[in-house]
Amino acid sequence: MSATNSGVPPASLPAIVTVNLPDVPGRLCPYCKAPAPGQVCSTCQRDTTARRRVCPKCGRVTPSVEPACLACGARFKNDLAWKIPIIAVIFLFVIIVTIAVYS
């Protein structure tokens with residue numbers, strides 16, 4: 001009997017991968033300000049080591065992956081919003097110059 005037909009389900013991967021960091025006594029969660037010596041806050045269940053940013057409207061800390069502040073709802077500006085059109089124009093310029101040179 002093969003391992004795939006043994007009736008035993010394959011081991012599944014964990015849904016969330018966490019890095020086991022050492023506990024830091026006295027550390028506070030940057031989101032809810034509750035004591036959080038470990039990597040995950042026991043009160044709000046957020047990763048205390050994740051990248052975060054400060055809301056310019058209310059000053060609260062929000063995870064960087066969030067498109068809006070969790071406290072006041074203010075939308076964050078996209079840092080790439082002005083770069084994408086410039087990259088597109090440069091790309092088109094290179095294509096036009098390449099076609100002109102080799103024609």
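Per chain, residues are indexed from 1 in the order of the written sequence. Where local features are concerned, this predicted model is filtered to residues with pLDDT of at least 70; where side-chain atom pairs are given and counted, the filter is 80 or more; whole-chain, interface and lining totals use all residues. In computing side-chain values, all of the structure's heavy atoms are included and hydrogens and water are not.

What follows deals with the overall build of the chain. Secondary structure elements are taken from DSSP: a helix is a run of H or I of four residues or more, a strand is a run of E of two residues or more, and numbering for both begins at the N terminus. The secondary structure content of the chain amounts to one helix and two strands. Written out in order from the N terminus, the α and β elements of the chain read β-β-α. Only protein chains enter the accessibility calculation, which uses a 1.4 Å probe; a residue is then buried when its area is under 20% of its type maximum, exposed when over 50%, and partly exposed in between. For the chain, buried positions account for 16% of its 103 residues. Relative to all contacts within the chain whose residues are 6 or more apart in sequence, the contacts with residues 24 or more apart total 9%. For the chain, the exposed surface amounts to about 8,500 Å²; the carbon and sulfur share of it is 66%. Contacts were defined at the residue level, with two residues in contact if any of their heavy atoms lie within 4.5 Å. Method for areas: the Shrake-Rupley scheme with a 1.4 Å probe, in which residue coverage is limited to the protein chains shown.

Now for a nonpolar patch on the surface. Patch membership is restricted to residues that have no salt bridge and whose relative accessible area is over 30%. Joining uses 9 Å for like charges and 5 Å for the nonpolar side chains Val, Leu, Ile, Met, Phe, Trp and Tyr. Note on definitions: salt bridges are taken to be side-chain nitrogens of Lys or Arg within 4 Å of carboxyl oxygens of Asp or Glu. On the surface, a nonpolar cluster with roughly 900 Å² of combined accessible area is contributed by W82, I86, I90, F93, V94, V97, V101 and Y102. Inspection of the secondary structure puts V94 in helix α1 (residues 83-102).

Between rings of Phe, Tyr and Trp, where Trp is taken as its six-membered ring, a pair exists when centres lie within 6.5 Å; planes separated by under 30 degrees are stacked, by over 60 edge-to-face, and by other angles tilted. Per the stated rule, a full pass over the model turns up zero aromatic pairs. Just above the ring of F76 sits the side chain of R53; from NZ or CZ to the centre is 4.0 Å. Both a distance and an angle decide whether a charge sits over a ring: NZ of Lys or CZ of Arg must be within 6 Å of the ring centre and within 35 degrees of the ring normal.

All right, on to the side chain of T48 then. Counting through the fold element by element, T48 comes out in the segment before β1 (52-54). Residue classification places T48 among the buried positions, given a relative accessible area of 5%. Not counting the four nearest positions on each side in its chain, T48 is found in contact with R27, C29, P30, A36, G38, Q39, V40 and C41.

Take unusual backbone geometry next. The phi dihedral of K33 falls on the positive side, at around 65°, and the residue is not glycine. Assignment of secondary structure puts K33 in the segment before β1. If you check the backbone angles, Q45 has positive phi at about 65° while not being a glycine. You can see Q45 is positioned in the segment before β1.

Another point: the nonpolar core. Counting residues in each nonpolar core, the largest one holds five residues, listed as C29, Y31, A34, A36 and C41. Among all residues touching C29, those that are not within four sequence positions of it are A34, A36, C41, C44 and T48. We define a nonpolar core as any set of buried Ala, Val, Leu, Ile, Met, Phe, Trp, Tyr and Cys residues linked to one another through side-chain atoms lying within 4.5 Å.

The next subject is the confidence of the model for the chain. Looking at the chain as a whole, its pLDDT mean stands at 77, while 79% of the residues score no less than 70. Of all secondary-structure elements in the chain, the lowest mean pLDDT belongs to strand β2 (residues 61-63), at 83, while α1 reaches the highest, 94. Per residue, pLDDT captures the predictor's confidence, and it can take any value from 0 to 100. Across residues 1-18, where pLDDT falls below 50, the model places two contacts with residues more than four positions away in sequence or in other chains.

Turning our attention to α1. Counted at 1.5 Å a residue, the expected span for α1 with its 20 residues is 28 Å, and the 29 Å between its end C-alpha atoms agrees. With zero of its 20 residues buried, α1 lies for the most part at the surface. One less than the residue count of a helix, multiplied by 1.5 Å, gives the span that helix is expected to have.

Next up on the list: the environment of T43. If you trace the backbone, T43 turns up in the segment before β1. With relative accessibility at 56%, the residue T43 sits in the exposed group. The spacing of T43 and K33 is 10 residues in sequence and 9.3 Å in space, taken between C-alpha atoms. Beyond its immediate chain neighbours, meaning those up to four positions away, T43 contacts C32 and A34.

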